[in-house]
Amino acid sequence: MNDAPVPDDTKVTAIRKLYQALAEGNREALDKLLHPDFVGHATEGLPLGVGGEHVGPEAMRTQVWWQLGRHYQVTAEADEFRALDDGRLLVAGRYRGEARRSHNKLDAAFHHLIGFAADGRIMSLDQLTDSAAWIEALGDTAELETIDYTVADGLATVCLNRPERRNAIDERMAMESLVVARRIADDRSVRAVLICGNGPSLSVGGDIDSFPAQTCEPFGDRLVAMATPFHEAFRVLSDIDAPIVTAAHGAIAGGALGYVYAADLVVAAEGTKFVTAFAALGLSGDGGGTWHLPRLIGPRRAAQAYLRNTPITAREALEWGLINEVVPPEQLRSRAMALATELAHGPRQAFARMRALLRDAWHNNLATQLASEIAALKTTADTADAAEALGAFRAKRAPRFTGR
């Protein structure tokens with residue numbers, strides 16, 4: 001038996017009228033639907049600077065809806081209405097349409113939490129959506145705010161840049177991680193990647209200040225909206241051809257460990273600590289740790305790291321296989337840069353096949369893996385880099401790889 005509150009038909013009708021008015025750009029209809037004390041909150045990280053809180057109907061219209069309307073032709077399609085005990089409605093659906101200039105399609109899930117005044121008008125709207133999908137449709141023209149990203153001589157450098165927050169991950173950084181991952185995947189000039197962080201830590205994990213101020217307010221949907229592009233970034237990075245080096249320092253916690261898991265090689269500064277931190281927050285975890293950590297350090301150690309929130313020191317991380325090197329703090333960036341630069345001058349296609357073989361080995365049986373090795377061997381043996389390496393070996397000189 002389902003005891004969930006039944007959505008009020010009047011409220012559902014008002015929401016459908018809201019979506020229709022937005023699709024038509026009908027200001028008169030919006031004036032009738034919105035209460036004068038209306039407050040809206042758009043997902044942080046949306047393009048064009050529209051994310052955040054907007055007080056009053058006029059602010060929401062001009063700063064969010066009309067701004068998006070100039071750049072997108074989109075409709076909000078509701079799939080589900082759920083009544084909450086406090087009288088608000090939770091609406092799940094999808095934004096569908098396209099960016100006006102690029103004509104790129106937009107298909108992004110949303111959750112709207114909508115409150116009503118006593119007279120039936122809409123009093124509040126909290127929006128959660130995949131901000132990275134909006135940026136991708138726009139053509140990825142938005143400036144990065146939380147990550148410094150550069151490409152030089154085949155090396156892509158991804159530097160987390162919220163030093164005043166110890167690179168804590170908010171919705172913006174989660175979204176920008178995906179934007180950067182896609183740029184790397186689309187750039188054939190990238191032959192290696194360096195992940196690092198400005199300030200006292202690579203990253204301390206999720207930004208607690210971006211969570212709801214009211215402790216009684218559920219925030220699962222907000223975490224889903226943040227973790228979805230964040231996880232997609234790591235999926236994209238796992239499939240790129242270029243090897244990844246991460247420079248780890250400070251206290252690295254929670255989902256920020258994903259930047260460590262994403263790397264093929266990790267260099268850590270002395271004194272670095274790795275801590276899952278989720279148990280202390282009553283959360284289960286993200287960043288791919290429940291998949292990576294047991295495979296890297298063993299299931300018992302991983303269970304202790306999660307269930308007892310036990311920090312892993314740099315020396316333990318080296319001994320257990322979580323990282324590759326420990327260096328003095330003042331040498332961390334230069335050592336990681338040297339290692340990444342070395343890889344950027346290596347055989348790109350061979351590295352790509354190596355990464356794929358090592359990744360797929362977790363799922364393949366021996367026969368399948370042996371067959372995959374033969375296929376990859378044939379592919380790499382036919383490259384210009386393999387021919388160059390063979391000639392260099394016979395001439396007793398160092399090979400000069402071009403990535404072809």
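## A look at the overall build of the protein chain
For the protein chain, the helix and strand inventory stands at 15 helices and 15 strands. Based on the C-alpha atoms only, the size of the protein chain along its principal axes is roughly 85 × 50 × 45 Å. The buried share of the protein chain, reckoned over its 404 residues, is 46%. Here the analysis covers contacts within the protein chain between residues at least 6 apart in sequence; of these, 64% occur between residues at least 24 apart.

## Things to note about the packing of helix α9 (residues 289–297) against helix α10 (residues 299–307)
Axis separation between α9 and α10 bottoms out at 7 Å; the angle between their running directions is 135 degrees. Relative to α10, the element α9 is oriented oblique. The handedness of the crossing between α9 and α10 comes out as right-handed. Of the residues in α10, those in contact with G289, T290, L293, P294 and I297 of α9 are P299, R301, A302, A305 and Y306. The residue makeup of the contact of α9 with α10, split by class, is seven nonpolar, two polar and one charged.

## Observations regarding α10
Those residues of α10 lying buried are A302, A305 and Y306. One side of α10 carries all its buried residues, which in axial view fall inside an arc of 95 degrees. Of the exposed residues in α10, the ones pointing more than 90 degrees away from its buried face are R300 and L307. Where α10 is buried, its residues touch α8 (278–281), α9 and β14 (312–313).

## A look at the pairing of strand β7 (residues 147–152)
Two faces belong to every sheet, and in a regular strand the side chains alternate between them. Direction of pairing for β7 relative to strand β8 (residues 155–160): antiparallel, over a ladder of six bridges. Paired with T150 across the strands is T157, a residue of β8. Counting the residues that bridge the hairpin from β7 to β8 gives two residues, and of these D153 lies at a positive phi of roughly 55 degrees.

## Re helix α6 (residues 220–239)
The terminal C-alpha atoms of α6, which comprises 20 residues, lie 28 Å apart, in line with the 28 Å expected from a rise of 1.5 Å per residue. Bending of α6 peaks at approximately 25 degrees at the position of A227, with proline P229 no more than four residues after it. Buried within α6 we find A225, M226, A227, P229, F230, A233, F234, V236 and L237. Of the surrounding elements, those touching the buried residues of α6 are β6 (122–129), α4 (131–138), α5 (171–186), β10 (244–248), α7 (257–261) and α13 (348–360).

## Focus on the pairing of β10
Of all five residues in β10, five are buried, a share of seventy percent or more. One ladder, built from three bridges, connects strand β9 (residues 192–197) with β10; its direction is parallel. Directly across from V193, in β10, lies its bridge partner I244. The pairing of β10 with strand β12 (residues 265–269) spans four bridges and is classified as parallel. Within β12, the residue paired with A247 across the bridge is V267.

## Remarks on the packing of α13 against helix α14 (residues 366–381)
Interaxial distance between α13 and α14 falls to 10 Å at its minimum, and their mutual angle equals 175 degrees. The angle between the axes of α13 and α14 places the two elements in the roughly antiparallel class. Between α13, through Q349, A350, R353, L357 and D360, and α14, the contact on the second element is made entirely by Q369, S372, E373, A376, T379 and T380. Among the residues making up the contact of α13 with α14, the classes are represented as three nonpolar, five polar and three charged.

## Observations regarding the side chain of T43
As for its placement among the helices and strands, T43 is situated in the loop between β1 (34–42) and β2 (52–55). We classify T43 as buried; its relative accessible area is 2%. A distance of 2.9 Å separates a polar side-chain atom of T43 from the backbone oxygen of Q127. Filtering out sequence-adjacent residues up to four positions away, T43 remains in contact with G51, G52, Q127, L128, T129, S131 and E171.

## With respect to the nonpolar core
Judged by nonpolar contacts, the single largest core of 54 residues is most densely connected at I184, V193, Y259, F274 and L322. It is α5 that contributes the most residues to this core, eight residues altogether. Residues within four places of Y259 in sequence aside, it is in contact with L160, I169, M173, S177, I195, L202, F230, F234 and T246. Membership of the second largest hydrophobic core comes to 36 residues, among which are A14, F38, L68 and L125.

## Quick notes on the pattern of salt bridges
With the rule as written, the count across this model stands at 28 salt bridges. The partner of R61 in a salt bridge is E58, and the shortest N-O contact between them spans 2.7 Å. Highlighted residues: R61 and E58, both in helix α3 (residues 57–71), separated by three residues, approximately one helical turn. For E58, a relative accessible area of 35% translates into the label partly exposed. Among the ionic pairs, R188 bridges to D241, the shortest N-O distance being 3.3 Å.

## Examining unusual backbone geometry
When glycine is set aside, most residues are seen to have a negative phi, and most peptide bonds are trans. The phi angle at D153 is positive, at roughly 55 degrees, despite the residue not being glycine. In this fold, D153 is placed in the loop between β7 and β8. Classification of D153 by relative accessible area gives exposed; the value is 73%. Positioned with a positive phi, N309 is a non-glycine residue whose angle comes to about 60 degrees. When you line up the elements, N309 lands in the loop between α10 and β14. The partly exposed category is assigned to N309, whose relative accessible area is 22%.

Definitions and limits used
- Residues numbered from 1 in each chain as written.
- Predicted model: local features only at pLDDT ≥ 70, side-chain atom pairs only at ≥ 80, totals over all residues.
- Heavy atoms only, no water.
- Helix = DSSP H or I, 4+ residues; strand = E, 2+ residues; numbered from the N terminus.
- Buried < 20%, exposed > 50% of the residue type's maximum accessible area, 1.4 Å probe, protein only.
- Contact = heavy atoms within 4.5 Å.
- Axes fitted to C-alpha atoms, helices over the stretch in contact; angles between N-to-C directions.
- Parallel < 35°, antiparallel > 145°, perpendicular 65-115°, else oblique.
- Left-handed = near helix turned anticlockwise from the far one by under 90°.
- Nonpolar A, V, L, I, M, F, W, Y, C, P; charged D, E, K, R; others polar.
- Arc of directions from axis to C-beta.
- Pairing = 2+ DSSP bridges.
- Expected span 1.5 Å × (residues − 1).
- Bend = angle between axes of the 7 residues up to and from the residue.
- Polar contact = N/O pair within 3.5 Å; in protein donor to acceptor, adjacent residues only side chain to side chain.
- Core = buried A, V, L, I, M, F, W, Y, C linked by side-chain atoms within 4.5 Å.
- Salt bridge = Lys/Arg side-chain N within 4 Å of Asp/Glu carboxyl O.

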